[in-house]
Amino acid sequence: MSNVVKQKIGNVALVVENYDDAIAFYTQKLSFTLVEDTDLGGGKRWVQVSPPNSDGTNLLLAQASSEEQKMAIGNQTGGRVFLFLQTNDFWRDYQAMQERGVIFHEEPRVEDYGTVVVFEDLYGNKWDLLQLN
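Residues numbered from 1 in each chain as written. Predicted model: local features only at pLDDT ≥ 70, side-chain atom pairs only at ≥ 80, totals over all residues. Heavy atoms only, no water.

An unreviewed UniProt entry lists the protein under the name VOC domain-containing protein, with Vibrio ezurae NBRC 102218 as the source organism.

Quick look at the structure:
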């Protein structure tokens with residue numbers, strides 16, 4: 001048995017208003033892959049999506065089931081950028097997302113660490129599209 005600790009974050013839960021609307025946004029607007037959609041009964045589903053060709057963390061789409069959870073939709077981080085979508089071709093993905101109607105909060109900018117732009121998902125959560133140098 002190895003003494004080396006190996007861990008990873010398998011999923012990040014994203015509170016959504018509706019499973020199907022969220023699946024449509026992520027798969028159609030961002031070209032994510034639907035990894036799993038399993039009915040758990042009682043209106044709950046285990047829904048995972050991930051960026052194309054990703055071998056990292058999946059988004060677990062969690063439909064809000066209480067008033068407290070509904071209040072978090074679109075503002076899971078108090079208005080800060082929540083998630084960072086890294087790409088190997090910024091301009092390809094930026095243009096494709098523009099063509100699919102994704103809302104951007106600014107013009108792309110070049111920083112010391114790479115090229116970045118802030119966009120929002122269907123609920124208003126802020127994301128960075130980012131190509132590192």
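Structure's up, so let's keep going.
(A) Looking closely at the overall build of the protein. Within the protein one finds 3 helices and 9 strands. The order of helices and strands in the protein, counted from the N terminus, is β-α-β-β-β-α-β-α-β-β-β-β. Taking the principal axes of the C-alpha coordinates as reference, the protein spans close to 45 × 45 × 25 Å. Working note: accessible area of the protein is about 8400 Å², and carbon and sulfur atoms make up 47% of it. One finds the centroid of the 11 positive side-chain charges in the protein at a distance of 4 Å from the centroid of its 19 negative side-chain charges. (Helix = DSSP H or I, 4+ residues; strand = E, 2+ residues; numbered from the N terminus. Areas by Shrake-Rupley, 256 points an atom, 1.4 Å probe, with all protein chains shown as cover. Lys, Arg positive; Asp, Glu negative; His and termini not counted. Charge placed at Lys NZ, Arg CZ, Asp CG, Glu CD.)

(B) The pattern of salt bridges, seen in detail. The tally for this structure, following the rule as stated, stands at 6 salt bridges. Note that Arg45 is salt-bridged to Asp37, the shortest N-O span being 2.7 Å. We note a salt bridge from Glu106 to Arg109, for which the minimum N-O separation is 2.3 Å. Through salt bridges with shared partners, a single network forms among Asp20, Asp37 and Arg45. (Salt bridge = Lys/Arg side-chain N within 4 Å of Asp/Glu carboxyl O.)

(C) A look at the sheet that holds strand S4 (residues 58-63). With respect to topology, 4 strands assemble into an open sheet ordered S1-S4-S3-S2, the strand pairing being mixed. Taken across any chain shown, the strands that pair with only one partner, and hence form the sheet edges, are strand S1 (11-16) and strand S2 (33-41). Between one strand and the next, the sheet's axes are offset by a mean angle of 25 degrees, whatever the strand orientation. (Pairing = 2+ DSSP bridges. Axes fitted to C-alpha atoms, helices over the stretch in contact; angles between N-to-C directions.)

(D) The arrangement of helix H3 (residues 90-99) in detail. Taken as a whole, H3 has its buried residues at Phe90, Tyr94, Ala96 and Met97. End-on view of H3: buried residues confined to an arc of 165 degrees, all on one side of the axis. Of the surrounding elements, those touching the buried residues of H3 are helix H1 (19-29), strand S6 (103-104), strand S8 (114-120) and strand S9 (126-132). Phi turns positive one or two residues past the end of H3, at Gly101, with a value near 85 degrees. (Buried < 20%, exposed > 50% of the residue type's maximum accessible area, 1.4 Å probe, protein only. Arc of directions from axis to C-beta. Contact = heavy atoms within 4.5 Å.)

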